[in-house]
Amino acid sequence: TEIAFVLGTRPEIIKLAPLVQACERQDIEYVIVHTGQHYSDNLDSVFFDQLDLPDPDYDLAVGSGPHGEQTAEMLVGIERALDETEPEVVLVQGDTNSVLAGALAASKMDTELGHVEAGLRSFDREMPEETNRVLADHAADYHFPPTDRSKGYLLREGVSSFRITVTGNTVVDAIHRNLDIAREKSTVLEDLGLDGSRYFLLTAHRAENVDDEERFRGLLAGAHRAAEAHDADVIYPMHPRSQSRVEEFDIDFPPRVRAVEPLEYLDFLRAASSAALILTDSGGVQEEACILGVPCVTMRDNTERPETVDVGANRLSSCDPARIERSVREMLGASDWENPFGDGDAAERILRALPVTAPSKEVPQ
Ligand code: UD1
Ligand code: UDP
């Protein structure tokens, strides 16, 4: 095997799909090792279906749990899978616990590690994602930062420049491949009664927001106030972590906020591209808003995607209702910026930089 993709969550499936497809095109042998960090159909199998991915070769079914236990169980399973398949390179993407486990497993073995979306930094060590991405970067042999800025962070931390290839973000590849299909096939706007109406799309799932009752209530109140001020609806496809906090905190949604089940990828792309504005605390959704030309307000105190703020596509509002309302007012209507995340050929660039080859085609006798 040339490449082992280690993945486990929704954003990793979406952002590694273009690489899997590039391997298919180029006849490069690969295996998919799924940690099982995400397992609900609407966070997992629906993305394999919509993105035309083959079933994982290994499904470790680790599931949810305390971070240490979850990461440790993944490490055991990934090591076994790598031992059996002996890949030249392990590829991980992003900053989840699955990424950390994949990075640790590869670094303990005679296997090289490539980190897709390397070099992102929020400089907020309270976030589990920040620790995961820093550790993965320092275990990696090949770094694929999306932008020059993320390359700069890696250099500053002592990563050798010969290990770094700036590639753009594979999320652009995924959008290029799927946006027209989404516009053609998805009926999400009709299904939700949004066709032709003005709405904001909200996603919020980050632990530091939804596990904190005050912040969670604050961001919902801010979304409501902003929507009220502009006579819009707020559609909130809710991550299961947030669903369970809504129950735990006994939260009633403010009138303008409408919670729905997590959306399939094509439905999400269609809903995002037609929104008047996106409110989020997601990493990937900040990028998608910027690429789709939809203004974004990020309900966090910091972002590891500062490029989106620099080009004028995004603004940080924390979870304070008044700041959210003000940020929405300032951002609404903006749309004229350049996409900083590349041209949609990130996957091809990554494969070119890796020491992998397609098996030489057999010459017929
Ligand atoms: C994880 C990542 C986060 C990423 C997000 C993508 C870490 C530390 N966090 O957060 O960076 O933005 O994925 O969506 O790796 N649950 C289900 N079904 C599932 C998965 C989870 O119901 O398929 C529920 C469980 O109650 C679980 C909770 O969601 O306890 C949190 O899941 P977990 O994978 O620990 O973290 P995420 O919040 O999904
Ligand atoms: N997404 C989706 N359906 C949803 C919400 C998000 O398909 O209901 C997709 C979205 O297109 C993006 C990705 O999930 O590509 C972002 O994942 P998430 O917000 O869970 O994680 P993060 O990027 O914050 O790690």
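Since we're looking at a predicted model, the values are computed, not measured.

Below, the discussion takes up the site of ligand 1. Near ligand 1 there are 17 residues, and of these H38, Y39, S40, E129 and R241 occur at the shortest range. Residue N97 places a main-chain N or O atom 2.8 Å away from an oxygen atom belonging to ligand 1. Among the residues forming the shell around ligand 1, the class breakdown is four nonpolar, ten polar and three charged.

Let us now look at the layout of surface pockets. As a volume, the second largest pocket reaches approximately 150 Å³. The wall of the second largest pocket is formed by D124, E126, M127, P128, A207, E208, N209, R215, R300, D301 and N302. With three residues, the single largest contributor to the lining of the second largest pocket is helix α9 (residues 207-210). Considering only residue class, the lining of the second largest pocket consists of three nonpolar, two polar and six charged. Summarising the domain contributions, the lining of the second largest pocket has at least three residues from each of domain 1 (3-169 + 343-353) and domain 2 (186-331).

Centre-to-centre distance and the angle between the planes together describe a pair of aromatic rings. Applying the stated criterion across every chain yields a total of three aromatic pairs. Here F123 and Y153 contribute two aromatic rings whose centre-to-centre distance is 5.2 Å and whose plane-to-plane angle is 80 degrees, an arrangement assigned as edge-to-face. Linking F123 in the loop between β5 (112-116) and α5 (128-139) with Y153 in helix α6 (residues 148-156), this pair joins segments that are 30 residues apart in sequence. When its relative accessible area of 48% is taken as the criterion, F123 is described as partly exposed. Classification of Y153 as buried rests on a relative accessible area of 13%.

Bringing the state of the cysteines into the picture now. Summed over the entire model, instances satisfying the criterion amount to zero disulfides. Counting only cysteine sulfurs, C296 is the nearest neighbor of C319, a cysteine outside any disulfide, at a range of 13 Å. A residue is classified by how much of its surface remains accessible, and C319, at 7% relative accessible area, is buried.

Proximity of charged atoms lets side chains of opposite charge pair with each other. Overall, the coordinates contain 27 salt bridges when judged by the stated rule. The salt bridge partner of E330 is R315, with a shortest N-O separation of 2.4 Å. Taken as a pair, E330 in helix α15 (residues 321-331) and R315 in strand β12 (residues 314-316) lie far apart in primary sequence, 15 residues in all. The exposure class of R315 is partly exposed, given its relative accessible area of 33%.

Scanning all chains against the criterion turns up one cavity of 30 Å³ or more. In this model, the largest cavity occupies a volume close to 50 Å³. L120, S150, E304, R305 and E307 are, among the 13 residues lining the largest cavity, the residues nearest its centre. The set of elements that each furnish at least two residues to the lining of the largest cavity consists of α6 and α14 (306-310). Grouping the amino acids of the lining of the largest cavity by side-chain chemistry returns five nonpolar, three polar and five charged. In terms of domain composition, the lining of the largest cavity takes at least three residues from each of domain 1 (3-169 + 343-353) and domain 2 (186-331).

What follows covers the sheet that holds strand β10 (residues 277-280). The strand order β9-β8-β7-β10-β11-β12 describes an open sheet built from six strands, whose pairing is parallel. For this open sheet the edge positions go to β9 (257-260) and β12, each flanked by a neighbour on one side alone. Ignoring which end each strand starts from, the neighbouring axes of this sheet average 25 degrees apart. Looking at chain direction, strand β11 (residues 296-298) and β12 are connected through three bridges and run parallel. Residue pairing in the sheet places V297 in a bridge with R315 of β12.

What follows deals with the domain arrangement of the protein. Annotation of the protein at the domain level lists domain 1 (3-169 + 343-353) and domain 2 (186-331). The centre of domain 1, based on its C-alpha atoms, is set 26 Å off from the matching centre of domain 2. Contacts between the two partners involve 22 residues from domain 1 and, on the opposite side, 20 residues from domain 2. The junction of domain 1 with domain 2 conceals about 1,800 Å² of combined surface from both sides, 52% of it contributed by carbon and sulfur atoms. Linking domain 1 to domain 2 there are five salt bridges. Its salt-bridge partner being D310, residue R149 comes within 2.7 Å of it at the nearest N-O pair.

Right, let's get into the environment of L120. Turning to its location among the elements, L120 is positioned in the loop between β5 and α5. Residue classification places L120 among the buried positions, given a relative accessible area of 5%. L120 sits 30 residues away from S150 along the chain, and the two C-alpha atoms are 5.4 Å apart. Dropping the residues within four chain positions of it, L120 is found in contact with E130, R133, P146, S150, E304 and R305.

Scoring rules and cut-offs
- Residues numbered from 1 in each chain as written.
- Chains lettered and ligands numbered in written order.
- Predicted model: local features only at pLDDT ≥ 70, side-chain atom pairs only at ≥ 80, totals over all residues.
- Heavy atoms only, no water.
- Near = heavy atom within 4 Å.
- Polar contact = N/O pair within 3.5 Å; in protein donor to acceptor, adjacent residues only side chain to side chain.
- Nonpolar A, V, L, I, M, F, W, Y, C, P; charged D, E, K, R; others polar.
- 1 Å grid on protein atoms, 1.4 Å probe; cavity = no way out; pocket = protein on both sides within 12 Å on 5 of 7 lines; lining within 4 Å.
- Points joined across faces, edges and corners; volume = space filled by probe spheres on them.
- Helix = DSSP H or I, 4+ residues; strand = E, 2+ residues; numbered from the N terminus.
- Domains from an automatic or database assignment.
- Phe/Tyr/Trp six-rings, centres within 6.5 Å; stacked < 30°, edge-to-face > 60°.
- Buried < 20%, exposed > 50% of the residue type's maximum accessible area, 1.4 Å probe, protein only.
- Disulfide = S-S within 2.5 Å.
- Salt bridge = Lys/Arg side-chain N within 4 Å of Asp/Glu carboxyl O.
- Pairing = 2+ DSSP bridges.
- Axes fitted to C-alpha atoms, helices over the stretch in contact; angles between N-to-C directions.
- Contact = heavy atoms within 4.5 Å.
- Buried area = accessible area lost by both parts, 1.4 Å probe.

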